[in-house]
Amino acid sequence: MDNGVRIPPSGWKCSKCDLRENLWLNLTDGSVLCGKWFFYGSGGNGHALEHYKEMGYPLAVKLGTITPDGADVYSFDEEEAVLDPHIAKHLAHFGIDMLQMHVTENGSRDNDIKPRVSEWEVIQESGMKLKPMYGPGYTGMKNLGNSCYVNTVLQAIFSIPEFQRAYVGNLPRIFDYSPLDPTQDFNTQMAKLGHGLLSGQYSKPPTKSELIEQVMKEEHKPQHNGISPRMFKAFVSKGHPEFSSNRQQDAQEFLLHLIHLIERNPIGSENPTDVFRFLVEERTQCCQSRKVRYTERVDYLMQLPVAMEAAVNKDELIAYELKRREAETARRPLPELVRAKIPFSACLQAFSEPDNVEDFWSSALQAKSAGVKTSRFASFPEYLVVQIKKFTFGLDWIPKKLDVSIDMPDLLDISHLRATGLQPGEEELPDISPPIIIPDDPKGTACYHEDLYSPNILHHNSPDIDESSVMQLAEMGFPLEACRKAVYYTGNMGAEVAFNWIIAHMEEPDFAEPLAIPGYGGATFPGAGGAAVVGLDNQPPEEMVAIITSMGFQRNIAFHALRATNNNLEHALDWIFSHPEPEEENETTSETMDLENHVNANILAESDPEGPRIKDGSGRYELFGFISHMGTSTMSGHYVCHLKKEGRWVIYNDLKVCASERPPRELGYIYFYRRIPS
């Protein structure tokens, strides 16, 4: 069409939506419009196809592919890639000289390229021509609607040999013993999903014409590559108020939920989650008496604080913030983003520094006092999961995300964080329980326990909830009401104990419902020292059972220990460690087994009464994967996973699996490290 249109050599954008990538030049009228879907990077809005449907102009050439040797041409009429024998003449009509075209993927000359700073662009490596990867271990996963948090976590754990052996290696055995309804069996679903990811049957390379067809067609042919985790997600999220929805969720929260499900559904003698489990030693010191208490707890990931005060580009950040406010006031375009650059060493230092203990009760003084707590590794896991605590609350209590860049190391050595235990010259705090807080009983019902008449018992009309612990849990992404319940039901014993309660109750239907105070007259909750008020029947409180099972012990062992120690949480843990041989189960204990676990009884692992299994070793690690989040909150945005396989980085962006050119290590949210053999 001789309409006088001339195409400039650079600076192209869609004439309908201003998109600057995945652009196509219509060879009839010279219009520049975006494609529907861009396999190698960011997406399009389908304006090129809409234009064809409206005008009927059949041929388009992809801008950014034009070189002296040719270009990618697509025929809307034939719905496939075609060869244009007169491409040089057709391009010259619109002022494009093929011999001068040496352009980049986004249509800009090399010296015109602006650095990409947007989180969405950097993390997804938009605008780069990423090479698709195919074969075993390079299978994509369909996004079911805000399910990328599930996809990234599963890609990461199924890159670990222990998970591959447990589910894919045992696949024939799992399938042979699967129940009549395999859709309700956790191990069957895990094995099926692992086989889909690792077999290579759903990751086969398409032809070039098929690739271009995917880019341009609005209704492209069904693709055989990639798997859909619809059945798996439906099962693991059943009854969970958050994961069962179609809303975006926190990948870290889902990872812990998945670990809990794996531990509830053992397969054989090997539990693959053993590779994540480690012991944390917590040293609490009374600042007045200087006496200390050492305790240990189980954990599965290292939560690293963001040391914002250590940013190395503070002057740039201040200048950017001033420009941003001025632009917002004047309603001008915002300035180019400046992201805080935080040294990893500063974050590690912040992790190792003492924290103030809110509302600390000193057993040495038998009164409230100032206390500090430090955490160290009593053991190092085989695989270390590091979460960057990017999500916090603003002054208006609205969750927000810290948009920061942290120079995460490829090689990590945390040997200096090894726990040391009680040191010479240190004096332990007396093992005295703090006052137990019991609400007044409006009905006059008595709790039959001699300690109720002790002067150490305090009575209050309303529940006492440690709000600082609530906020610590909420910052991890858990629902606020669930955090309040966790702190309440664990007797204000701290965020760590409440965290274990959350992990044990995440799948319950009322997990995120507001706290409902039960009628008083049965069991109450443990104090910081582990003492508990119990009813006449000595029935172990469910909250205590949940705390013990969340540490990796079997449910029947938890019941044994609590009954044997009159429901004293601390003594129950001592009892478990001091009874290497399980007692013979009676009828009552058998009834306490968790019958709701959909697990094959033929391959149940033997109960391990010796405590949680720990794979201790060196504290030196190598990075092999990370999950990144784009967006302002865990409840929105998108997740992408990068994994190092066969010596190179690979990006897993739902169905798209490509060789990574610039893995954005500095913008990750959850990092996966493997231990370096000594």
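Rules and cut-offs
- Residues numbered from 1 in each chain as written.
- Predicted model: local features only at pLDDT ≥ 70, side-chain atom pairs only at ≥ 80, totals over all residues.
- Heavy atoms only, no water.
- Helix = DSSP H or I, 4+ residues; strand = E, 2+ residues; numbered from the N terminus.
- Contact = heavy atoms within 4.5 Å.
- Areas by Shrake-Rupley, 256 points an atom, 1.4 Å probe, with all protein chains shown as cover.
- Pairing = 2+ DSSP bridges.
- Phe/Tyr/Trp six-rings, centres within 6.5 Å; stacked < 30°, edge-to-face > 60°.
- Buried < 20%, exposed > 50% of the residue type's maximum accessible area, 1.4 Å probe, protein only.
- Lys NZ or Arg CZ within 6 Å of the ring centre and 35° of its normal.
- Axes fitted to C-alpha atoms, helices over the stretch in contact; angles between N-to-C directions.
- 1 Å grid on protein atoms, 1.4 Å probe; cavity = no way out; pocket = protein on both sides within 12 Å on 5 of 7 lines; lining within 4 Å.
- Points joined across faces, edges and corners; volume = space filled by probe spheres on them.
- Disulfide = S-S within 2.5 Å.

(A) How the structure looks around the overall build of the protein. Broken down by element type, the protein carries 19 helices and 25 strands. Excluding contacts between residues fewer than 6 apart, the proportion of contacts in the protein whose partners are at least 24 apart in sequence is 70%. Looking at the protein as shown, the accessible area adds up to about 31,400 Å², and 51% of this sits on carbon and sulfur atoms.

(B) View of the pairing of strand β7 (residues 292–299). Pairing geometry for strand β6 (residues 278–286) and β7, over eight bridges, is antiparallel. Bridge pairing in β7 links Glu281 to Glu296. Two successive antiparallel strands, β6 and β7, enclose a turn made up of five residues, where Arg290 displays a positive phi of approximately 70°.

(C) Examining the packing of aromatic side chains more closely. Counted by the stated rule, this structure contains 19 aromatic pairs. On the basis of an interplanar angle of 35° and a centroid distance of 5.1 Å, the ring pair of Phe278 and Phe377 is categorised as tilted. Pair noted here: Phe278 is in strand β6 and Phe377 is in strand β13 (residues 371–377), with a separation of 99 residues, a long-range link. For Phe278, a relative accessible area of 2% corresponds to the buried category. Given the relative accessible area of 2%, Phe377 is considered buried. One aromatic cluster in this structure is built from Trp24, Tyr52, Tyr74 and Phe76. Lying across the ring of Tyr138, Lys645 places its NZ or CZ 5.6 Å from the centre.

(D) Structural detail: the sheet that holds β13. Taking strand neighbours across the sheet as the criterion, the four strands line up as β7-β6-β13-β10 in an open arrangement whose pairing is antiparallel. Edge positions in the open sheet fall to β7 and β10 (355–357), since each of these has one partner strand only. Adjacent strand axes in the sheet meet at a mean angle of 35°, parallel and antiparallel pairs treated alike. In terms of strand pairing, β10 meets β13 through three bridges, oriented antiparallel. Paired with Asp355 across the strands is Lys373, a residue of β13.

(E) Spotlight on empty space enclosed by the protein. If you walk through the whole model with that rule in mind, you get four cavities of 30 Å³ or more. Each pocket or cavity is described by its volume, and for the largest cavity that value is around 100 Å³. In terms of lining residues, the largest cavity is bounded by Leu256, Ile259, His260, Glu263, Val298, Asp299, Tyr300, Phe499, Asn500, Ile503, Thr549 and Ser550. Counting only elements with at least two residues in the lining of the largest cavity, the list comes to α10 (251–264), β7, α15 (495–505) and α16 (542–550).

(F) Layout of the state of the cysteines. For the structure on display, the rule yields zero disulfides. Free of any disulfide, Cys286 has its nearest cysteine sulfur in Cys287, 6.7 Å distant. What makes Cys286 buried here is its relative accessible area of 0%. Using a relative accessible area of 31% as the deciding quantity, one classes Cys287 as partly exposed.

(G) Expanded view of helix α14 (residues 480–489). Here α14 lies mainly inside the structure; seven of its ten residues are buried. Within the span of α14, buried status applies to Ala482, Cys483, Lys485, Ala486, Val487, Tyr488 and Tyr489. On the buried face of α14, the contacting elements are α13 (467–475), α15 and α16.

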